[in-house]
Amino acid sequence: MSKSDRVKAYFKNPALSQSEIKAILKGPHLVKIVENNPNYFEESEAMLIGSLVDDMFTYDLPELMEHYHVGGIEKKPSDTMVSIIRKVYDYRISDILSDNVENILIFAREHGYGNGGYKDDRIVKDVMKNLEYWNELLLIGNKTLVSTNEYNLACKINNSIREHEYTKEIFDNPHKFQVDLYFKTDEFECKALLDLLVYDPKRNAICPFDFKITGYNTLFNIPFNKFKYGVQAEWYTNAIYANRDHIANLFGIPNTFTVDDFKFIVESYSNPGMPLIYELKLETIVDAQLMIREGLDLYKWHKTNDIWHTSKDIYNSKGRLSI
């Protein structure tokens, strides 16, 4: 199976991901949104650039151009609107956008568009404003449309991470991009997709990394806390320990390696050129472990009782809470 097919299979696999754990901690209704939009808990401004940078590491140029179309319209819709229109396109009943009103409303609500405050007419009107983008999709098919500026920015970020003195030595060792791992936690089948695994032969160590593209990488603590990236780090670390044999086979090494602490390679889309490496403090790791435990327990309760419209506390207290 090609790398591209493995990544597609990963996203189609219904196994539990760290995104759903983060969702259940914020509210059970968000789990269903995340199942349809795994990137819901990412910094929306950086989402497309981040995905493009990831894929630049993963694929060579011909493979990359199988996934992206560079050029087209000058100004694209917001990330949320792009995602809505993309899904309408995937499930379209007609190439005429106005013929797809039912799906427009369904997928807009899935994405939380308007936070429940927009009437149907407003939602449809907002989507219809992006007819130019829809027509571009009809021309390029399933490829992701990126502007020339977005593509050039992603290239600059990719080169910065590969060549800057802070990060370039990472790529001197054997490494793998987009490593899909599957494991079991409690009774749940789980999954993780790691951006980068590196093997350091001098220390016989596996070093896991994740790429993050944010507005200002010197302020990474803000999106880190907002999007609970500590949960991602610990979830992925658990996946590595559960897949020692697989990882040993992947690198052609004995299963005697140690595992380094998880790190984030963070670049700025506002001012790229100095990638930073963040590792988690012990108290951050402990907090993440506790959040995962809480999330798993909550997910188990909601899954067992098939209750997703309200929290466990509200349901059990019959609406009577303390403050």
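The structure displayed is predicted, hence computed values, not measured ones.

Residues with a pLDDT of 70 or more make up 97% of the protein, whose mean pLDDT is 91. Averaged pLDDT values over the elements of the protein bottom out at 78 in helix H3 (residues 29–36) and peak at 98 in strand S8 (residues 276–279).

Axis separation between helix H2 (residues 18–26) and helix H12 (residues 229–242) bottoms out at 9 Å; the angle between their running directions is 140°. As the angle between them shows, H2 and H12 are arranged oblique. Note that H2 runs across H12; the crossing there is right-handed. Counting all contacts with H2, which are made through Gln18, Ile21 and Lys22, the residues of H12 involved are Tyr229, Val231, Gln232, Trp235 and Tyr236. For the contact of H2 with H12, the per-class residue count stands at 5 nonpolar, 2 polar and 1 charged.

In this section: the pattern of salt bridges. For the structure on display, the rule yields 14 salt bridges. For the salt bridge of Arg6 with Asp180, the shortest nitrogen-to-oxygen distance reads 3.1 Å. Placement of Arg6 in helix H1 (residues 3–12) and of Asp180 in strand S3 (residues 175–185) is noted, with a sequence separation of 174 residues between them. The salt bridge involving Glu189 is made with Lys184; its shortest N-O contact spans 3.7 Å. What makes Glu189 partly exposed here is its relative accessible area of 49%. According to the relative accessible area criterion, Lys184 is exposed, its value standing at 53%. The network of salt bridges with shared partners includes Asp186, Glu187, Arg293, Asp297 and Lys300.

Once that is clear, we can look at the pairing of S3. With 10 bridges joining them, S3 and strand S4 (residues 188–200) adopt antiparallel strand pairing. Looking at the pairing, Leu181 lines up with Ala192 of S4. Here S3 hands over to S4 after 2 residues, with Asp186 in that stretch at a positive phi of 55°.

Here Asn204, not a glycine, exhibits a phi torsion of approximately 50°, which is positive. With respect to the element layout, Asn204 can be found in the loop between S4 and strand S5 (205–214). Unusually for a residue other than glycine, Lys228 sits at a positive phi of about 50°. Among the structural elements, Lys228 can be located in the loop between helix H11 (221–226) and H12.

Considered for burial, the residues of helix H9 (residues 131–140) that qualify are Tyr133, Trp134, Glu136, Leu137 and Ile140. Along H9, the residues classed as buried sweep out an arc of 160° about the axis, all on the same side. The exposed residues of H9 that point more than 90 degrees off its buried face are Glu132 and Leu139. The inward-facing, buried residues of H9 contact strand S1 (68–70), helix H6 (79–90) and strand S2 (144–146). Positioned one or two residues after H9, Gly141 has a phi angle of 70°, which is positive.

Our focus in this paragraph is a nonpolar patch on the surface. On the surface, Tyr216, Leu219 and Ile222 cluster together into a nonpolar patch covering about 320 Å² of accessible area. Looking at where Leu219 falls in the secondary structure, it is placed in the loop between S5 and H11.

Okay, the side chain of Glu234 next. Its location among the elements puts Glu234 in helix H12. One buried charged residue, Glu234, forms no salt bridge at all, with the nearest opposite charge on Lys263 at 11 Å. In contact with Glu234, other than residues within four places in its own chain, are Ile285, Ala288, Gln289 and Ile292.

Reading the values: the criteria
- Residues numbered from 1 in each chain as written.
- Predicted model: local features only at pLDDT ≥ 70, side-chain atom pairs only at ≥ 80, totals over all residues.
- Heavy atoms only, no water.
- pLDDT = per-residue confidence, 0-100.
- Helix = DSSP H or I, 4+ residues; strand = E, 2+ residues; numbered from the N terminus.
- Axes fitted to C-alpha atoms, helices over the stretch in contact; angles between N-to-C directions.
- Parallel < 35°, antiparallel > 145°, perpendicular 65-115°, else oblique.
- Left-handed = near helix turned anticlockwise from the far one by under 90°.
- Contact = heavy atoms within 4.5 Å.
- Nonpolar A, V, L, I, M, F, W, Y, C, P; charged D, E, K, R; others polar.
- Salt bridge = Lys/Arg side-chain N within 4 Å of Asp/Glu carboxyl O.
- Buried < 20%, exposed > 50% of the residue type's maximum accessible area, 1.4 Å probe, protein only.
- Pairing = 2+ DSSP bridges.
- Arc of directions from axis to C-beta.
- Patch = residues over 30% accessible without salt bridge, like charges linked within 9 Å, V, L, I, M, F, W, Y side chains within 5 Å.
- Areas by Shrake-Rupley, 256 points an atom, 1.4 Å probe, with all protein chains shown as cover.
- Lys, Arg positive; Asp, Glu negative; His and termini not counted.

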